[in-house]
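Here is how the chains run, residue by residue.
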Amino acid sequence: MKRSSSFVQAALVLLACACGDGGDAEGQGGGGGQASGGSSTGTTGADAGPSASSTGAGAGPSASSTGAGAASSSGSGGPAPAGCKRGLAYGYHSKADMEALSPAVSWWYNWTHVPDEGVRPDDYRTLGVEYVPMVWGGDNLDSAAAGRIASEIPDGARFLLGFNEPNFGAQADLSAAEAAALWPHVEAVADARGLALVSPAVNFCGGDCQETDPFKYLDDFFAACSGCRVDYIGIHIYTGCKGEGDNQAQWLINHVETYKSRFDKPLWLTEFACDSAGSLAEQKEFLVDALEYLENEPRIARYAWFSGRADNVRHASLLGDDGELNELGQAYVGAPQHACGDSTDRE
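Quick caveat: nothing in here was measured; it's all calculated off a predicted structure. (Residues numbered from 1 in each chain as written. Predicted model: local features only at pLDDT ≥ 70, side-chain atom pairs only at ≥ 80, totals over all residues. Heavy atoms only, no water.)

Caption draft 1: Seen up close, helix H6 (residues 250–262). Relative to the 18 Å expected for 13 residues at 1.5 Å per residue, H6 spans 18 Å between its end C-alpha atoms, a close match to the ideal helical length. Considering only its buried residues, H6 is in contact with helix H5 (214–224), strand E6 (233–239), strand E7 (267–274), helix H7 (280–296) and strand E8 (300–305). (Helix = DSSP H or I, 4+ residues; strand = E, 2+ residues; numbered from the N terminus. Expected span 1.5 Å × (residues − 1). Contact = heavy atoms within 4.5 Å.)

Caption draft 2: Focus on unusual backbone geometry. Going from arginine 120 to proline 121, the amide bond is cis rather than trans, its omega being 0 degrees. Within the element layout of this structure, proline 121 appears in the loop between strand E2 (107–109) and helix H2 (123–126). The omega torsion across phenylalanine 306 and serine 307 is 15 degrees, close enough to zero to call that bond cis. Topologically, serine 307 is positioned in the loop between E8 and helix H8 (327–334). Phi angles above zero are rare outside glycine, and tryptophan 111 is one such case at about 65 degrees. Relative to the elements of secondary structure, tryptophan 111 occurs in the loop between E2 and H2. Positive phi outside glycine occurs at aspartate 173, with the angle close to 55 degrees. By the secondary structure assignment, aspartate 173 is in the loop between strand E4 (159–161) and helix H4 (176–193).

Caption draft 3: Layout of a negative patch on the surface. Together, Asp139, Asp173, Glu178 and Asp208 line one region of the surface with negative charge. Within the fold, aspartate 139 resides in the loop between strand E3 (130–131) and helix H3 (143–152). On the accessibility criterion, aspartate 139 (66% relative accessible area) is exposed. (Patch = residues over 30% accessible without salt bridge, like charges linked within 9 Å, V, L, I, M, F, W, Y side chains within 5 Å. Areas by Shrake-Rupley, 256 points an atom, 1.4 Å probe, with all protein chains shown as cover. Salt bridge = Lys/Arg side-chain N within 4 Å of Asp/Glu carboxyl O. Lys, Arg positive; Asp, Glu negative; His and termini not counted. Charge placed at Lys NZ, Arg CZ, Asp CG, Glu CD. Buried < 20%, exposed > 50% of the residue type's maximum accessible area, 1.4 Å probe, protein only.)

Caption draft 4: Broad picture of the pairing of E7. The element E7 is largely enclosed, with a buried count of eight among its eight residues. Note that E6 and E7 share seven bridges and pair parallel. If you follow isoleucine 235 over to E7, its bridge partner there is leucine 269. You can see the chain leave E6, run along H6 and come back into E7, and the turn it takes is right-handed. Note that E7 and E8 share three bridges and pair parallel. The residue bridging leucine 267 from the neighbouring strand is isoleucine 300, located in E8. Taken together, E7, H7 and E8 constitute a β-α-β crossover, and its handedness is right-handed. (Pairing = 2+ DSSP bridges. Right-handed = clockwise from strand over helix to strand, strands pointing away.)

Caption draft 5: Representation of the environment of tryptophan 305 within the structure. Mapped onto the elements of the fold, tryptophan 305 is located in strand E8. Here the side chain of tryptophan 305 touches alanine 316 through a polar contact of 2.8 Å, landing on its backbone oxygen. (Polar contact = N/O pair within 3.5 Å; in protein donor to acceptor, adjacent residues only side chain to side chain.)

Caption draft 6: Broad picture of the state of the cysteines. Inspection of the entire model under this criterion finds four disulfides. Here cysteine 205 is linked by a disulfide to cysteine 209, with a sulfur-sulfur distance of 2.1 Å. Between cysteine 205 and cysteine 209 the disulfide shows an S-S torsion of about -90 degrees. By sign, it is left-handed. Residue cysteine 209 is classed as partly exposed on the basis of its relative accessible area, which comes to 23%. (Disulfide = S-S within 2.5 Å.)

Caption draft 7: Structural context of the pattern of salt bridges. Enumeration according to the criterion identifies 15 salt bridges in this entry. Residues glutamate 152 and arginine 148 are paired through a salt bridge, measuring 3.1 Å at the closest nitrogen-oxygen approach. Taken together, the positions of glutamate 152 and arginine 148, both in helix H3 and four residues apart, correspond to about one turn of that helix.

Caption draft 8: Structural detail: the confidence of the model for the chain. Of all residues in the chain, 75% have pLDDT values of 70 or greater, and the mean over the chain is 81. Below a pLDDT of 50 lies the segment residues 1–77, which in the model reaches 232 contacts outside its immediate sequence neighbourhood of four places, other chains included. Below a pLDDT of 50 lies the segment residues 343–347, which in the model reaches 23 contacts outside its immediate sequence neighbourhood of four places, other chains included. (pLDDT = per-residue confidence, 0-100.)

Caption draft 9: Quick look at the environment of tyrosine 332. Locating tyrosine 332 in the fold gives a position in helix H8. The class of tyrosine 332 is buried, set by a relative accessible area of 0%. In this structure, the C-alpha to C-alpha distance between tyrosine 332 and lysine 284, residues 48 residues apart in sequence, is 8.7 Å. Excluding residues within four positions of it along the chain, tyrosine 332 makes contact with Arg86, Gly87, Ala104, Val105, Leu287, Leu291, Tyr303, Ala304, Trp305 and Leu318. Of the polar contacts made by the side chain of tyrosine 332, one reaches the backbone nitrogen of tryptophan 305; its length is 3.3 Å.

Caption draft 10: The nonpolar core, seen in detail. By size, the foremost hydrophobic cluster in this structure holds 94 residues, and its most contacted members are Tyr109, Leu160, Phe163, Leu252, Trp268, Phe272 and Trp305. With sequence-adjacent residues up to four places away left out, leucine 160 is seen in contact with Pro133, Met134, Val135, Ile153, Val186, Val189, Ala190, Leu195, Ala196, Leu197 and Val198. (Core = buried A, V, L, I, M, F, W, Y, C linked by side-chain atoms within 4.5 Å.)

Shown next, in the form of structure tokens:
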């Protein structure tokens, strides 16, 4: 069934970053924006758990553990988008919405493991847009639940997203040790369907947090999860719009550079936006600069803007009326991107 709960109100972040000896970006002025006067970096996420109706079983094709892969998982007649990286974090698509986005958006996810009701059973596939399922959190996640989730993931899936912001009390709310203990069930879902695995997606957290620092959370997760399978690192980034110099996305870039220095796997940026935009023009400048970097950064395997229609991040919506791109949506769809198979689409 369609997600019935609303998005969680964005939380202001506590940017108390500990500077590392290696000059990590968050300690150099701009990684989070604290030292350079920048970000209010919050989270938006989605608060829906992994409860959804079944759409049938069936084994999916094997997935690569590196790179972004092809634009479409199993498109059956629709034109494939121009590139492989660009996606969208949104859970309320209509067929008209997806048609408007499909010239450039090659994939999307909706914080659960079955597609949006408005594009079932296969409208998204006919448009060449890949669906990526998620195991949102750890509630009641056991062997039986893992088997059910695996059976309900639709044919054509190639990747599986891990827990949504588990370091946030308002999101998946799992300590690193708890997430590690539950990860074998996430692996079981992926193994049953031949899916590549994206780590828990983390973000800077303020307020009710398991851990404020996403880098430390991932360090603790991997320390507690020795031998666990993770093919990609999942991250969320919300920063201010002003950036540094002429690049309005510099604080986002600094965050990504820190993840690159701390972890050696390809990165999936599954939520991002400017969280302090005072106008659509500011958000658009940020978006354009961010896309130029993300398309040309080889370690970014995929990225997804937040969101189609956002009620908790100002000026971040890509869609207006049903099936209509607004000015920001036109910029997201129209921005240059590399064709699938280019070296920039792989690790």
